[in-house]
Amino acid sequence: MLNMKRKVNSLAKKRNKKNKLTKKDWKSLEEYGTLNPIELEESEEEENLSKRVFTEDQLDEGIKREEYDKMTYDASDDASDDDDDDENDENAEDIYLDKPNSSYRKLVGLLQVNKKRKVDKMKKENVDINKTDKVDVAKSDLGNKEVEMKYESGLQQESGRNKKDNGEKKEREREGKDEEEEQGKAEGSSNEDDEREDEENEKDEFENHFGDQQKRQQILNSKVTMIEQKQWKLINYENASLKQVSKYILNDDGEKGDDENNKSNIELLKIRPKLLETWKKVNKVNNSNDIFTDLQWHLFQQFNKYQDVLYTNRNIENSFELRYIYALHALNHIYKVRNRILKNNEKLNKAHAAGKDIDEIRDQGFTRPKVLILLPFRNSAMSLAEILIKLSGTDQQENQNRFFESYGITPEQEKIDLKKPADFLETFKGNIDDMFRIGIKFTRKSMKFYAEFYSADIIIASPLGLRMIIGTEGDKKRDFDFLSSIEVIIVDQCDTLLMQNWDHVEHIFSHMNLIPQKSHDCDFSRVKNWYLDGRARYLRQTIILSDYLTPEINMLFNKQMNNVDGKMKIKHHHQGTILDVNVKNIRQIFTRIECNSLSEIDDIRFKYFIEKILPKTRKMNLSHVMIFIPSYFDFVRLRNYFEENTISFTSISEYTNVSDVTRARTYFLNGKKNYLLYTERFHFFRRHHMKGIHHVIFYALPDHAHFYSELLNSIQSSSSDKNSNEKITINVIFSKYDKLRLERVVGSGKVSKILQGEKKIYTFS
């Protein structure tokens, strides 16, 4: 049996190399008998080949031979290599890690001799090497002769020993047919078709952005230099659907304006035909024959140009519009990548068969994953997965039931209070676990959930889920090589991620598009030059969707969004949530504190509060005073000060347990405690209707502007005395560094006057 031979060969190598076998190995030798001398000689020959010392001429000759022999997609191979391959990969990795990019690329190809010999053997048997993708060795039964024969010779068998093997086999055959059909389409191309294809590629933004950078290497180098020197050209304009747009470009010579309302030119978007058909069925536009809403149309034009996009006008009304359009963009990108590689495989096959030279083809990255989507909770991931299933139009979704069981909840498990605000219900309905990660692999007619990262096309994860894998420096087990070839990263509900742990997001971005630490069976002869040069981050597209803009997101925009084709920031004019305050006859006092350094603002704010605001409220003997604090660090600082000065207070933060929250709310309502320290993150995650509030001090304005009016409106309902409104006081502390928060509360029209005016105190009533 072939499986017996493979295992015996592996044991033989172990015995010759180390002269020591484990108990499990000795037991296997006793079960399978003695070694075959002929097979042992072959195994030794392969092992010796990997230890050869190559001359400079041999290196050059080997590189030329490698360009023709290596034709497989770097990450389309799901099958795990046997022990021989693993051993040679490890040897190669030990060598290339200490070499510069130009040399290790050569050595890796020459040192992986065993893999080449297997590929050559399979070619002689007229087997498509891509079919090795269809066998999962880890799942194969060692005793199943038919499956082992299929792995060795690539033959398609239609019978097995049991129903489970039959089912797995049919699934692999179906995937094989998908690949054959796609490869067959590529085989039908002629020279004229290639010329026509080149003409079409010039019109496709995908090819313009991710195509052969060798032809425009000088332009790319120039743009990278301009980015590093921050030589952006800013263009501001208004759009009826996008609102206020700030576009950053490096060269406006080839800059094209948006096609405002001409939605008939769908073919110019170069959406894959099958995907476009499903899109027309799935994306329904109310009372219209259009297949895009106005917002989707204008956004997709920017997505399709592979420019970076920061969109800060997201809300519960357009959230599904946005999710559908970026799902379309992600799938379109994946399908184009796969189609390009299949066509190039065929070109190499034809050239190799004819013995002709062919120009260098570089169409791959270090690893297979090309799209990363960051989401805050599992409910968002499940919503996106449902959209991907619909848009992909696949006949089969492997592990679908397992996915929906893990990422969904039953109606009995849903405990959300329907009386909560609409935005809270939309965010927190369903499974709100923030620790998840999943790889999804696509073939022509199927998609697979829970695909191993290095064989997946799309990775959907929460920042915490990825951080657990990436780890930190010094961790024994950490891995981030799967992020090395990400070409599109999408961050949805970015405002919600800010309420979790923003450090995780920054940590993920700092590990994007780095040179991998291991080869992962990469065909370096096909890797794009800008990956090898460490410039992948300049071609990566970053899409961020948020309800509002913050300094943290702005920093991400300035430091991590450095696309050579430009970037754009989209926001809108704010009316101000102060207009939503329904409480009458109250004075809302906004006090500006002066500060010339961002590093000093925390100390200056704290000093102003304890010297001006707090003594005044204590002198007036005020009670039922809520102090709203956005930052947990400021919360801890104030809590310590109140404790040291024995001030009557209670506190509630995101880390307060349920019983303590109940006790604190009771003490505050009954007046047993005069002050309540209250954090924004607690209000975001719990959204309690706070009772007993008579006075509010905003230590700083909230990021979520509607929290301002929400808390003030709760004052009226908490007060039983009709004349109590006259006693209500509202104090707000702000500085010039709070401009974005202030703009959302008072409105875009007033913010400049308040920040730059001669007065420091402004009153609204």
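Residues numbered from 1 in each chain as written. Predicted model: local features only at pLDDT ≥ 70, side-chain atom pairs only at ≥ 80, totals over all residues. Heavy atoms only, no water.

(A) Examining the pattern of salt bridges more closely. Evaluated as defined, the whole model comprises 21 salt bridges. One salt bridge in this structure joins Arg340 and Glu207, with 3.1 Å as the shortest N-O distance. Of the two residues, Arg340 sits in helix 15 (residues 319-354) while Glu207 sits in helix 11 (residues 205-210), which places them 133 residues apart along the sequence. Taken individually, Arg340 and Glu207 each receive the classification buried, so the pair is uniform in this respect. A salt bridge links Glu360 to Arg362; its shortest N-O distance comes to 2.9 Å. (Salt bridge = Lys/Arg side-chain N within 4 Å of Asp/Glu carboxyl O. Helix = DSSP H or I, 4+ residues; strand = E, 2+ residues; numbered from the N terminus. Buried < 20%, exposed > 50% of the residue type's maximum accessible area, 1.4 Å probe, protein only.)

(B) Broad picture of unusual backbone geometry. One non-glycine residue, Lys230, lies in positive phi territory at about 55°. Of note, Lys230 is situated in the loop between helix 12 (217-228) and strand 1 (233-239). Judged by its relative accessible area of 68%, Lys230 falls in the exposed class. For Thr646, which is not glycine, the phi dihedral falls at a positive 50°. Note on placement: Thr646 falls in the loop between helix 25 (632-644) and strand 14 (649-652).

(C) Up close: the packing of helix 15 against helix 16 (residues 378-392). The interhelical angle for the contact between helix 15 and helix 16, taken along N-to-C directions, is 55°, at an axis separation of 10 Å. By the angle between their axes, helix 15 is oblique relative to helix 16. Relative to helix 16, helix 15 is oriented so that their crossing is right-handed. Between helix 15 and helix 16, the residues in contact are Phe320, Arg323, Tyr324, Tyr326, Ala327, Leu328, Leu331 and Tyr335 and Ser380, Ser383, Leu384, Ile387, Leu388, Lys390, Leu391 and Ser392, respectively. Residue composition of the contact of helix 15 with helix 16, grouped by class: eleven nonpolar, three polar and two charged. (Axes fitted to C-alpha atoms, helices over the stretch in contact; angles between N-to-C directions. Parallel < 35°, antiparallel > 145°, perpendicular 65-115°, else oblique. Left-handed = near helix turned anticlockwise from the far one by under 90°. Contact = heavy atoms within 4.5 Å. Nonpolar A, V, L, I, M, F, W, Y, C, P; charged D, E, K, R; others polar.)

(D) Up close: the confidence of the model for the chain. Residue-level pLDDT values for the chain average 79, and 70% of them are 70 or greater. Per-residue pLDDT stays below 50 along residues 125-165; that stretch engages in 79 contacts with residues further than four places along the chain or on separate chains. (pLDDT = per-residue confidence, 0-100.)

(E) Representation of the packing of aromatic side chains within the structure. In this structure the tally under the stated criterion is 38 aromatic pairs. When the centroid spacing of 5.0 Å and the interplanar angle of 85° are considered together, the rings of Phe210 and Tyr306 count as edge-to-face. Of this pair, Phe210 sits in helix 11 while Tyr306 sits in the loop between helix 14 (294-304) and strand 3 (308-311), and the two are 96 residues apart along the sequence. This pair shows no difference in class: Phe210 is buried, exactly as Tyr306 is. On the basis of an interplanar angle of 75° and a centroid distance of 5.3 Å, the ring pair of Phe403 and Phe404 is categorised as edge-to-face. Assessed through its relative accessible area of 23%, Phe404 is described here as partly exposed. Joined through ring pairs, the aromatic side chains of Phe590, Phe628, Tyr678, Phe682, Phe698, Tyr708, Phe734 and Phe764 make up one cluster. If you follow Lys420 out to its NZ or CZ, it ends over the ring of Phe424, 5.6 Å from the centre. (Phe/Tyr/Trp six-rings, centres within 6.5 Å; stacked < 30°, edge-to-face > 60°. Lys NZ or Arg CZ within 6 Å of the ring centre and 35° of its normal.)

(F) Structural view of the environment of Leu532. Turning to its location among the elements, Leu532 is positioned in helix 22 (residues 529-532). Sequence-wise, Leu532 and Leu514 are 18 residues apart; in three dimensions their C-alpha atoms are separated by 9.6 Å.

(G) Main features of the side chain of Gln296. By the secondary structure assignment, Gln296 is in helix 14. Among all residues touching Gln296, those that are not within four sequence positions of it are Trp279, Asn283, Ile291, Glu321, Tyr324 and Ile325.

(H) Representation of the sheet that holds strand 16 (residues 695-698). Across the sheet, which stays open at both edges, the seven strands sit in the order 14-15-13-16-17-12-18 with mixed pairing between neighbours. Every other strand in the sheet has two partners, leaving strand 14 and strand 18 (761-764) as the edge strands with one partner each. Between one strand axis and the next, the sheet turns by 15° as a mean value, whatever way the strands run. (Pairing = 2+ DSSP bridges.)

(I) Representation of helix 24 (residues 601-619). With 19 residues, helix 24 should cover 27 Å at 1.5 Å per step; its first-to-last C-alpha distance of 26 Å lies within 8% of that length. The sharpest bend along helix 24 comes to roughly 40°, located at Phe609. Of all the residues in helix 24, the buried ones are Ile601, Arg605, Phe606, Phe609, Ile610, Ile613, Leu614 and Thr617. Those residues of helix 24 hidden inside the fold are in contact with strand 13 (625-629), helix 25, strand 15 (675-679), strand 16 and strand 17 (729-734). Two residues or fewer past helix 24, Asn621 is found with a positive phi of approximately 55°. (Expected span 1.5 Å × (residues − 1). Bend = angle between axes of the 7 residues up to and from the residue.)

(J) Up close: the environment of Lys284. In this structure, Lys284 sits in the loop between helix 13 (273-282) and helix 14. Lys284 sits 37 residues away from Glu321 along the chain, and the two C-alpha atoms are 10.0 Å apart.

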